Amino acid sequence: MSRIVSKRFLLALLLAGVAAAAGVVLIEGNTLAGPSQREIGSAPPSLHAETVSFPSKSGATLKGWLAPGTPGKGAVLLMHGIHADRTSMLPRALFLSKAGYGVLLFDFQANGESIGARQTFGHLESLDARSALEYLRSRLPNERVGVIGTSLGGAAALVGPEPLDVQAMVLEAVYPTIEEATANRIAIRLGLTAARLAAPVLLSQLRFRTGATADELRPIDRIASVRAPVFVIAGGADLYTTAAESRRLFQAAHEPKEYWELAGAGHQDFHAFARAEYERRVLEFLQRNLRDGAGAP
């Protein structure tokens, strides 16, 4: 009898463990995909920007700030990471505006003041990115345009029907594949063993949660189609998008391209981590490619 009880007890423990693991995966999926909306309001006076809104092909109405800049200098589209909003790109907007660039920073769908039900890891956000670029070009039609995308923002510049058609592209901490991004985030929270087991379960929910498949969320497959010069920036201590993954993304891009790895930086704001060096490198890259008379990519 004790053997039967023992087996039943072990089976109950196993089932409880499976149920607990399934619950953790479900919670993790809800956390990663949940919206991050809040009221933001007007831009700070130092940016000299107007509040704008425009429709997106994602179905959302996107909210943002537009500062026009000096005619002929160029314009930059700023795209934030997951569970963030346009305010995370404000320090970049300020130094770019001071240098004379027009800037548009906006909230992706389901973030900040833009409507939306969930994060889609680049799927709907890629439609937002294209709509934002169209809007920026409609407002500043004579400017060469660059884009700076951090994490999700960089992925949105690459995935979708085709990469953004711009004259300069800065990609910060951008995941090569959604499979790696998912496994890395689970490993950080639950460990490597759990990541190997849970990542496939979480990815199986991808189409239900985002409307996209894993094959559609692979920036590394799209970066070779970028016709503009590319500047890939990586954190040497990043656990969410590892330096090795960023180097693979860089290797897949065509020339002209540049790579900068910040020693000691994690998955964080690279501008805040190394402000002076970041501004110097990014301004030099943009000046080469957005100034009057710069050659087409």
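Thresholds, definitions, all that
- Residues numbered from 1 in each chain as written.
- Predicted model: local features only at pLDDT ≥ 70, side-chain atom pairs only at ≥ 80, totals over all residues.
- Heavy atoms only, no water.
- Helix = DSSP H or I, 4+ residues; strand = E, 2+ residues; numbered from the N terminus.
- Buried < 20%, exposed > 50% of the residue type's maximum accessible area, 1.4 Å probe, protein only.
- Contact = heavy atoms within 4.5 Å.
- Areas by Shrake-Rupley, 256 points an atom, 1.4 Å probe, with all protein chains shown as cover.
- Axes fitted to C-alpha atoms, helices over the stretch in contact; angles between N-to-C directions.
- Parallel < 35°, antiparallel > 145°, perpendicular 65-115°, else oblique.
- Left-handed = near helix turned anticlockwise from the far one by under 90°.
- Pairing = 2+ DSSP bridges.
- Right-handed = clockwise from strand over helix to strand, strands pointing away.
- Phe/Tyr/Trp six-rings, centres within 6.5 Å; stacked < 30°, edge-to-face > 60°.
- Salt bridge = Lys/Arg side-chain N within 4 Å of Asp/Glu carboxyl O.
- Core = buried A, V, L, I, M, F, W, Y, C linked by side-chain atoms within 4.5 Å.

Caption draft 1: Region of interest: the overall build of the protein chain. Each helix and strand in the protein chain was counted, giving 11 helices and 10 strands. Burial statistics for the protein chain: of 297 residues in total, 51% are counted as buried. Here the contacts in the protein chain between residues at least 6 apart in sequence split such that 74% fall between residues at least 24 apart. Of the roughly 13,200 Å² that the protein chain leaves accessible, carbon and sulfur atoms contribute 58%.

Caption draft 2: Representation of the packing of helix H2 (residues 90–98) against helix H11 (residues 275–290). In contact at an axis separation of 11 Å, H2 and H11 are set at 55 degrees when each is read in the N-to-C sense. On the basis of their axis angle, the class for H2 and H11 is oblique. H2 and H11 meet at a crossing whose hand is right-handed. In this structure, H2 uses Pro91, Arg92, Phe95 and Leu96 to contact H11, whose residues at the interface are Arg275, Tyr278, Glu279, Val282, Leu283 and Leu286.

Caption draft 3: Focus on the side chain of serine 126. Relative to the elements of secondary structure, serine 126 occurs in helix H3 (residues 123–139). Setting aside residues up to four positions removed in sequence, serine 126 forms contacts with Ala156, Val159 and Gly160.

Caption draft 4: Highlighting the pairing of strand S7 (residues 145–150). Judged by how many residues are buried, S7 sits mostly within the fold: six of six residues are covered. Burial along S7 is two-sided: Val145, Val147 and Gly149 and Gly146, Ile148 and Thr150, pointing in opposite directions, are all buried. Here strand S4 (residues 75–79) runs beside S7; their pairing, made up of five bridges, is parallel. Its bridge partner being in S7, alanine 75 is matched across the sheet by valine 145. Of the pairings in the sheet, the one linking S7 to strand S8 (residues 168–172) comprises five bridges and is parallel in character. By the bridge assignment for S8, threonine 150 is matched with glutamate 172. With helix H4 (residues 152–158) bridging S7 and its parallel neighbour S8, the resulting β-α-β unit is right-handed.

Caption draft 5: Local environment of the packing of aromatic side chains. Inspection of every chain in the model, using the stated rule, returns six aromatic pairs. Plain terms: the ring middles of phenylalanine 95 and tyrosine 278 are 6.1 Å apart, the flat faces sit at 90 degrees to each other, and that makes the pair edge-to-face. On the criterion of sequence distance, the pair formed by phenylalanine 95 in helix H2 and tyrosine 278 in helix H11 is long-range, its members being 183 residues apart. Residue phenylalanine 95 is classed as buried on the basis of its relative accessible area, which comes to 8%.

Caption draft 6: Structural detail: the pairing of S8. Counted residue by residue, S8 has five buried out of five residues, so it is predominantly covered. Of the two faces of S8, both are covered, the one formed by Ala168, Val170 and Glu172 as well as the one formed by Met169 and Leu171. Of the strand pairs in this sheet, S8 and strand S9 (residues 230–235) are connected by four bridges, and their pairing is parallel. In the strand pairing of S9, valine 170 is matched with phenylalanine 231.

Caption draft 7: Geometry of the pattern of salt bridges. Using the criterion set out here, one finds 16 salt bridges in the structure. For arginine 38, the salt bridge is made with aspartate 85, and the minimal N-O distance between the two is 2.9 Å. Of this pair, arginine 38 sits in the loop between strand S1 (36–37) and strand S2 (50–55) while aspartate 85 sits in the loop between S4 and H2, and the two are 47 residues apart along the sequence. Using a relative accessible area of 43% as the deciding quantity, one classes arginine 38 as partly exposed. We classify aspartate 85 as buried; its relative accessible area is 6%. Aspartate 221 is the salt-bridge partner of arginine 218, the closest N and O atoms lying 2.6 Å from each other. A network of salt bridges, in which partner residues are shared, links Glu277, Arg280, Arg281 and Glu284.

Caption draft 8: Expanded view of the nonpolar core. Counting residues in each nonpolar core, the largest one holds 48 residues, and the members touching the most others are Leu77, Met79, Leu104, Leu164, Met169 and Ile178. Filtering out sequence-adjacent residues up to four positions away, isoleucine 178 remains in contact with Phe121, Leu203, Leu206, Ala214 and Leu217. One finds Leu90, Val170, Ile233 and Phe285 within the second-largest nonpolar core, a separate group that totals 31 residues.

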